[in-house]
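Observations on the three-dimensional arrangement
In case you want the letters, here they are:
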Amino acid sequence: MRSRPIGFLLSTLAGAALAFGGTAAASATPPATPAPGSAPAGNIGTADACYTWSGTLQEGSSGEAVRQLQIRVAGYPGTGNQIAIDGVFGPATKAAVQRFQAAYGLAADGIAGAQTFSKIYELQDDDCTPVNFTYAELNRCNSDWSGGKVSAATARANALVTMWKLQAMRHAMGDRPITVNGGFRSVSCNSAVGGAANSRHLYGHAADLGAGSQGFCALAQAARNHGFTEILGPGYPGHNDHTHVAGGSGRFWSAPSCGI
Ligand SMILES: [Zn+2]
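Residues numbered from 1 in each chain as written. Predicted model: local features only at pLDDT ≥ 70, side-chain atom pairs only at ≥ 80, totals over all residues. Heavy atoms only, no water.

Bringing the confidence of the model for the protein chain into the picture now. Confidence along the protein chain averages 87 in pLDDT terms, with 82% of residues attaining 70 or more. Across residues 3-43, confidence stays below pLDDT 50; counting only partners more than four residues off in sequence or on other chains, it has 35 contacts. (pLDDT = per-residue confidence, 0-100. Contact = heavy atoms within 4.5 Å.)

Below is the structure:
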């Protein structure tokens, strides 16, 4: 969440305050925000405890700021697609930003500026997870993300992307809570529950969803629109009591009882 909810307003007004002899520095000292006068046109202002963007991003932009944006819009790739989290703002990223903007009633121009970042700040917690999901929900195996098929840092980073996909799906389904019964598994946790040897749970990509108020089939059907390349649900062996969703390369969707 935005740590300084009035930061954007203050920095927007910084110029006016200076014009009236005010001291902008005393009223607004958000970290990593350009000093008044040095901010680019369309200054996006506010500070956020997780990550603060310092300028508008659009097709052709690149770098860490783009990569951070891609994580936040990973749930808006279009049906059956997944966007690359590669720091390169290409057409797929632009389309994802447009879908994100449309989902929240913003002007869908595909340019990430003040309004888009403001919405993202509202949607994220200080640890960069979306407000409705937590690292703890995505890892009921251990506390340090170790022992999987990738490094702990990679597993945790993959889980973060999964959470943003779930946040997009949750919003599209009317903002009703989505129950997450587990995600990352170490090799030993995976063995203990009889998981497949190359399960995407071992990479941090996967989440197992409870029925919640939506039901397994509605979850499986919606997941197709939000970047999940693996969807397993009712009718698929071992998945009559949950819906499994995951990112990662390739596509495998199977929930025969749900028409998938
Ligand atoms: Zn699963």
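From this point, the narrative continues.
Looking now at the packing of aromatic side chains. Counted under the stated rule, the structure contains 8 aromatic pairs. Seen from their ring centres, Y76 and F100 are 5.7 Å apart, and the 90 degrees between their planes marks the pair as edge-to-face. Of this pair, Y76 sits in the loop between α3 (64-72) and α4 (91-103) while F100 is found in helix α4, placing the two residues 24 residues apart along the sequence. Between Y236 and F252, the ring centres sit 5.8 Å apart and the planes meet at 70 degrees, which makes this aromatic pair edge-to-face. You can see Y236 sitting in the loop between β3 (230-232) and β4 (243-246) and its partner F252 sitting in strand β5 (residues 252-254), a full 16 residues away along the chain. (Phe/Tyr/Trp six-rings, centres within 6.5 Å; stacked < 30°, edge-to-face > 60°. Helix = DSSP H or I, 4+ residues; strand = E, 2+ residues; numbered from the N terminus.)

The subject of this paragraph is helix α6 (residues 152-172). If you check α6, its first and last C-alpha atoms are 30 Å apart, about what 21 residues at 1.5 Å a residue would give, namely 30 Å. Most of α6 is tucked away, with 15 of its 21 residues classed as buried. Of the residues flanking the end of α6, it is G174, one or two places downstream, whose phi is positive at about 90 degrees. (Expected span 1.5 Å × (residues − 1). Buried < 20%, exposed > 50% of the residue type's maximum accessible area, 1.4 Å probe, protein only.)

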